[in-house]
Every structure is written in C-alpha cells, then in structure tokens.
Amino acid sequence: MEIVNLVWKTAFISHLISNALFLGISFVFAYGKKEILKEEIVKRYVKISSLFIAVSGISGIGLLSILSMNGMDDLTSNGMGQSILVMILGYTVVLFVFVLTLIYKGGEERIYKKLFSIMFHIYLFVYLIKGILT
C-alpha cells in the first residue's frame, strides 16, 4: 500500500503542475500582446505545451487507475465522480482543440489567439466546476 501512496502523490503532483503550466501558457497566448503570437514563437510553445498535455493525460490515467482499484460506483452518484467526468470531458475537448492548433499552418495570429482562448476557458470552466462539485 505504501507504493500505491507514493505513486498517487507523484501522479497527483505531476498532474497539478502540468495542468497549471498549460493553463498559464494558454492564458498568455489568449490574452497576451500580438507580438508573442508570431508563428515561430507559437510553434515553440506548442511543442512545450504538448509535453504538459501528455503528462497531464498520463498522470490523470494513473490517478483514475488508482481510484478504480477499490472499485468505483456510478460516477454520477456523487460530486467527486461528477467532477471526474467533467475533467475527462474537458480534457478531451482541450486535446481536440490542441490537435487543431498543431495541424494549423496558416500563421494568422487571431486564429492562434482564438484556439488558445478556447483551451484556456475550457480549463478554467473545468476547474470552476471541480471546485463547486468537490
């Protein structure tokens, strides 16, 4: 049980840090000045952000695996389960928009701004809902 506790703490810390760093990057690009939205700068930070999204997803899967070891009831029956469902849904939508950002080759600043704004607002909404439900 001691190993599970260590894995839980490590996964939880890495999940929180990667989410916070991605939220910060998306905030900067959503509300930052136009000079930082140049394609070469955005592409560099998109590569860094992909690491944060990957760590967030992997650690989230690890956390869900540990939660399911004792058996999980219906996720819609309590606030914790509902917040987990909201986080999974939000992560899926952010991942989809992030893939669109990776695919986009136009270099237009307003498109990058809209994509990062969508990702920031989804993350913010998910964390507000999580705070309300838990």
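For the structure, see preceding data.
Residues numbered from 1 in each chain as written. Predicted model: local features only at pLDDT ≥ 70, side-chain atom pairs only at ≥ 80, totals over all residues. Heavy atoms only, no water.

Trainee: Can you explain the layout of surface pockets? Please cite residues and give values.
Mentor: In this structure, the largest pocket spans a volume of roughly 540 Å³. Residue lining of the largest pocket: 23 residues in total, with His 15, Gly 60, Leu 63, Ile 84 and Met 87 positioned closest to the centre. Elements supplying a minimum of two residues to the lining of the largest pocket: helix H1 (2-31), helix H2 (39-67), helix H3 (79-103) and helix H4 (109-133). Here the element with the most residues in the lining of the largest pocket is H2; it accounts for seven residues. (1 Å grid on protein atoms, 1.4 Å probe; cavity = no way out; pocket = protein on both sides within 12 Å on 5 of 7 lines; lining within 4 Å. Points joined across faces, edges and corners; volume = space filled by probe spheres on them. Helix = DSSP H or I, 4+ residues; strand = E, 2+ residues; numbered from the N terminus.)

Trainee: Could you give an account of the packing of aromatic side chains, naming the residues involved and the relevant values?
Mentor: Per the stated rule, a full pass over the model turns up ten aromatic pairs. When the ring of Phe 27 is compared with that of Tyr 31, the centres are 5.4 Å apart and the planes differ by 45°; the resulting orientation is tilted. With a gap of four residues between them, Phe 27 and Tyr 31 both fall in helix H1, about one helical turn apart. Relative accessible area serves as the criterion here: at 46%, Tyr 31 is assigned to the partly exposed category. Between the aromatic rings of Phe 27 and Phe 120, the centroid separation amounts to 5.3 Å while the plane-to-plane angle is 55°, which identifies the pairing as tilted. Separated by 93 residues along the polypeptide, Phe 27 in helix H1 and Phe 120 in helix H4 bring together distant segments of the chain. Classification of Phe 120 by relative accessible area gives buried; the value is 10%. In this structure an aromatic cluster arises from ring pairing among Phe 22, Phe 98, Tyr 123 and Tyr 127. (Phe/Tyr/Trp six-rings, centres within 6.5 Å; stacked < 30°, edge-to-face > 60°. Buried < 20%, exposed > 50% of the residue type's maximum accessible area, 1.4 Å probe, protein only.)

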